[in-house]
2 protein chains.
Amino acid sequence: MLSKSIIPSTVNADLQKERDGASFNSEEFAAWWAGGPEQLKFKRSVKEYMYKDINLDERANFHYLSHEDICEFAVKNSINVAKKLRQLQAERNPGGSEYWPTLYEEPELAGLHLAGNPFGVMYLVVVKALKAQCTAEQYEEFGKRLEQFEVCAAYAQTELGHGTYLRGLETRADFDRDTDEFVLNTPTISAYKWWPGGLGHSANYSLVMAQLYIDNQLKGPHLFYVQVREEGTHEPRPGVHIGEIGKKMGFLGVNNGFLGMKDVRIPRNRLLMRHVQVHRDGTYVKSPVDVLTYFAMVSTRCLIVRIIYVALAATATIATRYSAVRRQSPIDPTLPEVQIIDHVTQQLKVFPEIATSMAHRLCFDYLWDLFNVTSKDIDQGRYERLPELHALSCALKVISSTDATRGTERLRLACGGHGYLTSSNLGNIYAHMSASCTYEGENTVLLLQIGRFLIKSWRAAQKGDPLPPTARYLAEVQRNPEFGAWTGSWENMTKAMQFAAANKTRLAFQSLSKRLDKGESEEVAASHTGIELTQAAELHGRAFIFHCFITEITGPKSKTRSPSLNRVLEQLLELYLVNMTLNNMSDILRVVSLTDGDLSKLQTRLETALTKLRPDAVAIVDGFDFIDGQLNSTLGSFDGNAPERIFDAALKAPMNQKSVPKSFHEYLGPFMKSNL
Amino acid sequence: MLSKSIIPSTVNADLQKERDGASFNSEEFAAWWAGGPEQLKFKRSVKEYMYKDINLDERANFHYLSHEDICEFAVKNSINVAKKLRQLQAERNPGGSEYWPTLYEEPELAGLHLAGNPFGVMYLVVVKALKAQCTAEQYEEFGKRLEQFEVCAAYAQTELGHGTYLRGLETRADFDRDTDEFVLNTPTISAYKWWPGGLGHSANYSLVMAQLYIDNQLKGPHLFYVQVREEGTHEPRPGVHIGEIGKKMGFLGVNNGFLGMKDVRIPRNRLLMRHVQVHRDGTYVKSPVDVLTYFAMVSTRCLIVRIIYVALAATATIATRYSAVRRQSPIDPTLPEVQIIDHVTQQLKVFPEIATSMAHRLCFDYLWDLFNVTSKDIDQGRYERLPELHALSCALKVISSTDATRGTERLRLACGGHGYLTSSNLGNIYAHMSASCTYEGENTVLLLQIGRFLIKSWRAAQKGDPLPPTARYLAEVQRNPEFGAWTGSWENMTKAMQFAAANKTRLAFQSLSKRLDKGESEEVAASHTGIELTQAAELHGRAFIFHCFITEITGPKSKTRSPSLNRVLEQLLELYLVNMTLNNMSDILRVVSLTDGDLSKLQTRLETALTKLRPDAVAIVDGFDFIDGQLNSTLGSFDGNAPERIFDAALKAPMNQKSVPKSFHEYLGPFMKSNL
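Everything numeric in this text was worked out from a predicted model, so none of it was measured. (Residues numbered from 1 in each chain as written. Chains lettered and ligands numbered in written order. Predicted model: local features only at pLDDT ≥ 70, side-chain atom pairs only at ≥ 80, totals over all residues. Heavy atoms only, no water.)

Opposite the 140 residues of chain A that make contact, chain B presents 139 residues. Of the roughly 11900 Å² buried at the junction of chain A and chain B (both faces included), carbon and sulfur atoms supply 63%. Seen at the junction of chain A and chain B, the total is 12 salt bridges. Salt-bridge contacts for Glu442 of chain A lead to Lys349 of chain B; the nearest nitrogen and oxygen are separated by 3.4 Å. (Contact = heavy atoms within 4.5 Å. Buried area = accessible area lost by both parts, 1.4 Å probe. Salt bridge = Lys/Arg side-chain N within 4 Å of Asp/Glu carboxyl O.)

Written as C-alpha cells, this is what we have:
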C-alpha cells in the first residue's frame, strides 16, 4: 500500500510559505543568537562534524530497548562522542581544549546523548572539583588520568536519606593514625550514596563527600577520592557495595548509582587537601575559603540555565513547526481546516515559550558577565558581590527550570496526541527538563535562600546600609512606597514587578517580625514564613528577568542589529512582559492601581503581540538554528513532513516487523478460542 | 553487608505516630469516601480477591523490559484480570454483571494493569457504542461475541491528520449497490486511523468511523463494524494495513494502533443501523437523534473525571506518607532534621492536592446525579438540560485533568529526587494523567465549547430568557453588577468566583461584539475571541466546583457524619477554597474590592488551614483506602518503610544481578585501556 520511502524530499508547502513570508532575515537572527557570525560558523562546523555519521535507525528506536540495552547504547554513544571530539581537537587545534573536553556536555550536542551522557558529570563536575580542591601533586595523580579518560569517576554526595542538608550526611571517614589512612563507612541504609551519574556501572573512582572524624571528633563534610572498582576487571573493590539505583523517568542511560562502604581504607592523601589538611599526626587545618565551594555552585547553576534555555528553544522549535504544518478545525466554517498556528489559543500556548527561552538566555548572558566580574573580584579577595550573585543565580535557576518545565509540557500538549508519541521526543525532553527542578539545589530550598537574602537586604535598607545593585529597589520602595502612575511602558512593568516583589518582601518581613516577637528564633520564624518568602523570592527573580531582557533588547547592543531584527525581538519582549505581567497580576494589583481599562488594554496588547509574531514565528525558531539531529523529533523536522515522519517512525517500530505478535500466540489467541 | 530481607516488618515509627495522633476515625472517612459502609465492604472484598496473588517481582520490574515484552506483559495481565473478574462473577452472582465486565476498567483496579489495559476500550467504549447504535439483530451478531471475549475490538475514529473535527475525517465508505456492500478506503497517509487502543496487535475487529458516500454523495461520518484480522491466525485481512503507532510516554502496553484500508469490502449490515439506515436500494435514512451520540460523550467524560480523581488521591497518598517518613533540614538548628511534612512549603505542595481530589470527587457525584436525571428526561424526549450538562461535564473534565496533571507533578517534585525513580510510580501516574488533557476532547477545544455556551447564556440573559440553574448567576450579575461586601465566607468566595466568571464572560462578549461589528462572522469572531472565552469557561467551571464542594460538605449529608469527620472535611474545603481564591485573585480583584487587610487575612487562613490539617494528613489519605498493590510505589507503602523499599527495588533491578555490565567489556573497558 505504501512505497518504500514515504518521506517527501521536499519541504512542506505550508512551512515554506511561512519562511518566505517572514519579515526579517533568519540568518541574522541565527548569528545574533549564536553570539556573532564567527560563533555561528564555529557552532555549525562542530555540529556538522559531530552529527554527520550518526546511526539514525538505532537512534529512532532506542526507546524500544530494554533498560540494559539502553544503558549499553548510552555508554557506546558517549564514548563515540568523546572519541570524535578528541579527533576534532587533534585535527583543528592539537593541544587545545576548546573541543575536548569543553564541548562534551555542550547543550548543542545533547542530541548525541539521547539517553543522557553517563560520563558528563565526570568533566562537568569531578574534574573541576579536583582542579579546585586538589594540591598540584594530587591533581597530577588523580585529575590527569581523568582528563585522559584512563579511568572513570563519579561525584558522590547525596545519600539515600540525605539531600540538600550537607551536615546531615552520614557517610563517615575516620582517620587511622596508626596506618595513616582514612577508613570509610556507610553506617545505615539511609547513608548509602545515591544518585551519582555514572556511579552505577561505569565509574571505577569516585569523589565521596563524607564526615571527617579525627579521634572521633567531627570535622564536618569533606571530599575524598576513592577507588570503587578494580581497574582492569571492573569488579567492586573489597568492602564496596555498588550498583545502579534503578530506572528513572529520564536520563535512561546514565546509570545513576549507589555506593555503600564497609571499612574501606584509603591513604591519607586521598583527602583533597588544597584548602584543608590533615597532617601525618592527625592535626587538622581548616579551610580558610569556604566561600569558594559556594562559588563553584554558582557556576554550575549558570550552566544549568544554559542547558534549560537551549532545550526550551528546541521544544519551541518543534511545536512551532508542527503548528504550521498541522491543520485542524476551520475558523470560517465555509473554508478548509486551518494551520493550527492560526488559532489564537494555539499562539498563546506556543509563542510565549519562544520568548521565555530568549529571556532566560539573555539573563544567562548578564549573569555570566557578572560571574566573570565577581570571579576577578574574588581573585583579589573581594567577596562583596557574592551574596547577590548567589541570589540571582538561584533565582534564575529556579525560574528557568520551573517555567521551562511547565512550558515544555504546554508545548507538548499543544501538539495534541502526537506530542505523546516517543517519536516526538517531547516526553524525553520533558523528563530531562523536569529533573532540573530538583538537582543542584531543589527549587524550594533555593527560593528560601533567596528569601533570606531579601530579608537581610530589607533590614539593611531600613538601616540605610548600601544594597547590591539588583536589590536596590527595595530601598527605593521603602523610601517611596507609592507606585505612581501606571503607564504600561516596559520600564513601568519592571517597576511594577519590583514593587510586587518589594511588597511581598515587606509582608514576609512583617510576618517574620511577628513570629520573632512571639519568641520564635530567627530560623524557626523564617521557616514558618516559608510561603511568603518563596513568593517574594520568585517575584524578585521575575523583576530581575524583566530588567535584563529589556536592557539586552533595547540597550546599546540593539545598534548592532538591523531594524527588522530589532522589531521582531521587541515583539517577543513585548509578548513576554505583557504575558508575565498578566500572569502575576494578583501580586501587582496589591501595589499598583490599574483600572479596568488598563487591564483590557493589556489583554489587547497580548493578542496584538501574538498576531504580530504569527507571520514570523517559523523564521524565529529557524533562527535558533537547530539541526534535525538535535531535535530528533518527527514533529519538528526542518522539512515539516510531520505526518510522513510519524508514520515512518511507526513502521520502523520493532513490533511492526512481524504481522502477528508473540502475545497473540501465547495469551490472546488461546484465550479467545477458549471463549468460543 | 545487607541481610536478605531489608524491609522491616513493622510500620515506620513516624508514620505510626501520625496515625495515632489523628483527630478523627480514618475508617469512618473510608466508609464515607467509598459511598457508605456497604460499598466499602464490597470494594475491599473485590480488591482483596483481585490483588491477592499478583506477581510482585514481575510488576516491580516491568519498566526494565523492552517494549515488546511490556506489550506481552500487558496482554497477559489484562487477560488474567478478565479471567479473575469472570470467576468472581461466577462465584458470587452467576449471570450478573456487577463484577464482569463492569469492573474491568474500574479505576480502583488500575493497579492490576500497570502498563494499561489493551482491552479496556473494548468494554468502556466499543460494547457501549454497539449497544447504543446497533439494531437488536446487529448487537446479537457483533456485541454478544465481544461480551464473551470471543473476539477483540477497537474503536477507530481519530486519524493521523484529523482529530476533534469529525467532519474532517478522510476515511471513506462507498456503498456499492451492485454487491450490497460498503467499500472502505484510506485515501492518504493523513487518513490512516491512528491511536485506537488495542488496535495495533490485539483487535481482530474494529468500529470504524468513516465518511459514508452513496453514489458519491457525502452523508457524513458513520460507524462501521469491520473485521481487520483473521480469527484463528490473527493475520491482517486482505486490504488491511495494520500495526502499532509506536511507543508513547505512558500506556506502554496498550498497543495503540493504525489502520489503513484499500478496497476493504463489508456487507451492508456492518453499518450500525439502529438510528440510521441504508436500504438495499441505496436509500439513506438520516438519524433523528444526533443528540444521543453527544450524550454518550458526557458519560465517558464523567468516567474520565473518576479515573482522574482516584489517581490524584493515590498520588497524594504516596506523597503524604513519604512526607511523613522523610526527614530533611532542621527547622530549629539546634534540633535534628524534621519530617518534611513539618515544612509549611511542603504542606502547601501536598495538602491542596488531597483537597482537590476530594473536590473533583464531589463534583463528579453531583454531575453523575444530574446525568441520571437528564438521562430519564431524554427517555421522555426532553432535552433541555443537555447543553448545561454538556458544558458542566466539559468543564469538570478540563479542570480535573488540568489541575490533577499539574498536581501530580507538584506532588512528584515534592518527593524530591526519589519521585524521579520509576519505583516511585509517580512518573507512570503522571504519564497516564497528562494524557487525559488530550483524549476524549482536547481541553482547549472543550473550553471553547463552554465559552460558546456562556455567550449563548449571556445573550439569553440579556433578553430575559430563562437560564439553566448553573448559569443563572450570569443573569444575576447582569441585573446587579455590584458585588457588594467581601466577607470571606465560603458562599461569598463562590459568589466572587461567579462574578469573576461573569465578568470574563462580559469581556469576551464585548470583544466578540466588536468583532461582529467589524463584519466578522459569528464563528470567526468567536475564534478570535478564543483566549477570553477559554478564560471565562475555566472560571465558570471553578465557580461550579466551589458550589458543589460546599454543598456536599455543609449540606444535609453532613448530618450523616460524625462531628470529628466533618471538622476535617471542612478544613479541606477551607484549604481548597482559600487556595483557589488566591490562585485566581487577579480575576477576582477586577470585580471584588479586597483590601490589603482582606488579602493578608486570606494568607493567614491558608497557613492556618495547613497547620490544622498537618496532624490529620496521614489519616486522611489512609481514608482513601488504597492498598499497596494499587499504589505500587516504594515511597507510599502503608508501612512507610520508604528508604528500605527504594533500596530493595534497586537491588532487584536486572542490571544489579551481575557485578560487571556488558557495556564495560564491550565499550568502556577497551576504551579506557586504549587511553593508558
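This brings us to the side chain of Arg268 of chain B. Locating Arg268 of chain B in the fold gives a position in the loop between β9 (264–267) and β10 (277–278). Ignoring any residue separated from it by four or fewer positions in sequence, one finds Arg268 of chain B in contact with Phe175, Asp180, Glu181, Phe182, Met273, Val278, His279 and Arg280 of chain B. (Helix = DSSP H or I, 4+ residues; strand = E, 2+ residues; numbered from the N terminus.)

With that out of the way, let us pick up the pattern of salt bridges. Residue and element names in this part refer to chain A. The tally for this structure, following the rule as stated, stands at 92 salt bridges over all chains. Of the charged contacts in the structure, one is a salt bridge between Glu27 and Arg44, with a shortest N-O distance of 2.7 Å. Residue Glu27 is found in helix α2 (residues 26–34), and its partner Arg44 is found in helix α3 (residues 37–51); the two are separated by 17 residues along the sequence. For Arg44, a relative accessible area of 30% corresponds to the partly exposed category. Between Arg44 and Asp625 there is a salt bridge, and its shortest N-O distance comes to 2.8 Å. Taken together, the residues span a long stretch of sequence, with Arg44 in helix α3 and Asp625 in the loop between α20 (617–623) and α21 (628–631) at a distance of 581 residues. Through salt bridges with shared partners, a single network forms among Asp14, Lys17 and Arg327. (Buried < 20%, exposed > 50% of the residue type's maximum accessible area, 1.4 Å probe, protein only.)

Let us now look at the sheet that holds strand β7 (residues 240–244) of chain A. Residues and elements named next belong to chain A. Overall, antiparallel pairing links the three strands, which are arranged β4-β8-β7 in an open sheet. Across the chains shown, the open sheet's two edge strands, defined by having one partner strand only, are β4 (193–194) and β7. In this sheet, strand β8 (residues 257–261) lies alongside β4 in antiparallel orientation, the contact comprising two bridges. The residue of β8 that forms the bridge with Lys193 is Leu259. (Pairing = 2+ DSSP bridges.)

The next subject is the UniProt feature "binding site: FAD" (unreviewed entry) in chain A. Residues and elements named next belong to chain A. Sites flagged by UniProt as "binding site: FAD" (unreviewed entry) map to Thr158 and Gly197. For the residues just named, distributed over 40 residues, the greatest C-alpha separation is only 11.2 Å, placing them together at one site. Relative to the elements of secondary structure, Thr158 occurs in the loop between β1 (153–156) and β2 (172–176). Leave out the neighbours within four places in its chain, and Gly197 touches Pro118, Ala154, Val254, Asn255 and Asn256. (UniProt positions renumbered as here; feature names shortened; annotations may be inferred.)

At an RMSD of 0.0 Å, chain A and chain B line up after a rotation of 180° and a shift of 0.0 Å along the axis. In the structure described here, the two chain copies are related by an operation that fits a two-fold rotation axis. An overlap of 99% is found between the interface residues of chain A and their copies at the interface of chain B, pointing to a shared contact surface. (Least-squares fit on C-alpha atoms with pLDDT ≥ 70 in both.)

Here the focus is the packing of helix α9 (residues 344–379) of chain A against helix α10 (residues 386–414) of chain A. Packed helices, taken two at a time, are described by the angle between their axes plus the distance between the axes. Residue and element names in this part refer to chain A. Where α9 contacts α10, the axes come no closer than 10 Å and their chain directions differ by 160°. Viewed along their axes, α9 and α10 adopt a mutual orientation that is roughly antiparallel. For α9 against α10, the interelement crossing comes out left-handed. Tallied by class, residues from the contact of α9 with α10 come to 14 nonpolar, seven polar and four charged. (Axes fitted to C-alpha atoms, helices over the stretch in contact; angles between N-to-C directions. Parallel < 35°, antiparallel > 145°, perpendicular 65-115°, else oblique. Left-handed = near helix turned anticlockwise from the far one by under 90°. Nonpolar A, V, L, I, M, F, W, Y, C, P; charged D, E, K, R; others polar.)

On to the packing of aromatic side chains. Ring pairs (aromatic) are described by centroid distance and by the angle formed between their planes. The full count for this structure, using the stated rule, is 67 aromatic pairs over all chains. Each ring, one from Tyr104 of chain A and one from Tyr123 of chain A, has its centre 5.7 Å from the other, and the planes form 75°; the classification is edge-to-face. Here the residue Tyr104 of chain A occupies a position in the loop between α5 (67–92) and α6 (120–133), and Tyr123 of chain A occupies one in helix α6, the gap between them amounting to 19 residues. Here Tyr104 of chain A matches Tyr123 of chain A in class, with each residue buried. Between Trp194 of chain B and Phe258 of chain B, the aromatic rings sit 5.8 Å apart at their centres with planes inclined by 15°, giving stacked as the arrangement. Of this pair, Trp194 of chain B sits in strand β4 (residues 193–194) while Phe258 of chain B sits in strand β8 (residues 257–261); the two residues are 64 residues apart in sequence, bridging distant segments of the chain. (Phe/Tyr/Trp six-rings, centres within 6.5 Å; stacked < 30°, edge-to-face > 60°.)

Let us now look at helix α7 (residues 136–147) of chain A. Residue and element names in this part refer to chain A. Buried residues of α7: Gln138, Tyr139, Phe142, Gly143 and Leu146, and no others. Down the axis of α7, the smallest arc covering the buried residues is 105°, so these residues share one side. Turned more than 90 degrees off the buried face of α7, the exposed positions are Ala136 and Glu137. Looking at the residues trailing α7, positive phi occurs at Phe149, about 60°. (Arc of directions from axis to C-beta.)

Of all hydrophobic cores here, the largest spans 291 residues; its most connected members are Phe29, Trp194 and Met358 of chain A together with Phe29, Trp194 and Met358 of chain B. Beyond its immediate sequence surroundings of up to four residues, Trp194 of chain B is in contact with His418, Leu421, Ile646, Phe647 and Ala650 of chain A together with Thr158, Glu159, Leu160, Ile245, Gly257 and Phe258 of chain B. Of all hydrophobic cores here, the second largest spans 44 residues; its members include Ala82, Leu112, Leu146 and Cys152 of chain A. (Core = buried A, V, L, I, M, F, W, Y, C linked by side-chain atoms within 4.5 Å.)

Bringing the sheet that holds β8 of chain B into the picture now. Taken in spatial order, the three strands line up as β4-β8-β7 (chain B) in an open sheet, and their pairing is antiparallel. Pairing within the sheet leaves two strands with one partner each, and these edge strands are β4 and β7 (240–244) of chain B.

Let us look at empty space enclosed by the protein. For the structure on display, the rule yields four cavities of 30 Å³ or more. Lining of the second largest cavity is provided by 28 residues; of these, Lys248, Met249 and Leu252 of chain A together with Lys248 and Met249 of chain B occupy positions nearest its centre. Sorting the residues of the lining of the second largest cavity by element identifies α11 (426–435) of chain A together with α11 (426–435) of chain B as the ones contributing at least two each. (1 Å grid on protein atoms, 1.4 Å probe; cavity = no way out; pocket = protein on both sides within 12 Å on 5 of 7 lines; lining within 4 Å. Points joined across faces, edges and corners; volume = space filled by probe spheres on them.)

This paragraph deals with the pairing of β2 of chain A. Residue and element names in this part refer to chain A. Of all the five residues making up β2, four are buried; the element is thus mostly covered by neighbouring parts of the structure. Pairing analysis gives five bridges linking β2 to strand β3 (residues 181–185), with the strands arranged antiparallel. Looking at β3, one finds that Asp174 is bridged to Val183. Counting the residues in the hairpin turn of β2 and β3 gives four residues, including Asp180, whose phi is positive at 60°. With three bridges connecting them, β2 and strand β5 (residues 205–214) associate as parallel partners. Residue Ala173 lies in a different strand from β5, and its bridge partner there is Leu212.

Relative to the 20 Å expected for 14 residues at 1.5 Å per residue, helix α23 (residues 662–675) of chain A spans 20 Å between its end C-alpha atoms, a close match to the ideal helical length. At Leu668 of chain A, α23 of chain A shows its maximal kink, close to 40°; a proline, Pro670 of chain A, follows between one and four residues later. Turning to α23 of chain A, its buried residues number three or more, namely Ser663, Phe664, Leu668, Gly669, Phe671, Met672 and Asn675 of chain A. Summarising the contacts, the buried residues of α23 of chain A are in contact with α5 (67–92) of chain B. (Expected span 1.5 Å × (residues − 1). Bend = angle between axes of the 7 residues up to and from the residue.)

It is worth spelling out the environment of Asn255 of chain B at this point. Residue and element names in this part refer to chain B. Within the secondary structure, Asn255 is located in the loop between β7 and β8. It is 34 Å that separates the C-alpha atoms of Asn255 and Glu644, two residues lying 389 residues apart in sequence. Every residue in contact with Asn255, bar those within four places of it in the chain, is listed here: Pro118, Pro196, Gly197, Gly198, Leu199, Gly200, His201, Ser202 and Glu244.

All names here are of chain A. Domain assignment breaks chain A into domain 1 (13–120), domain 2 (151–288) and domain 3 (293–621). The distance between the C-alpha centroids of domain 2 and domain 3 comes to 38 Å. Listed as interface residues are four residues of domain 2 and, on the opposing side, five residues of domain 3. Surface buried jointly by domain 2 and domain 3 totals about 460 Å² across both partners, of which 75% is contributed by carbon and sulfur atoms. Considering only the side of domain 2, the residues that lose the most area to domain 3 are Thr164, Met249 and Phe251, jointly responsible for 86% of the buried surface there. A per-class count over the side of domain 2 that touches domain 3 returns two nonpolar, two polar and no charged. (Domains from an automatic or database assignment.)

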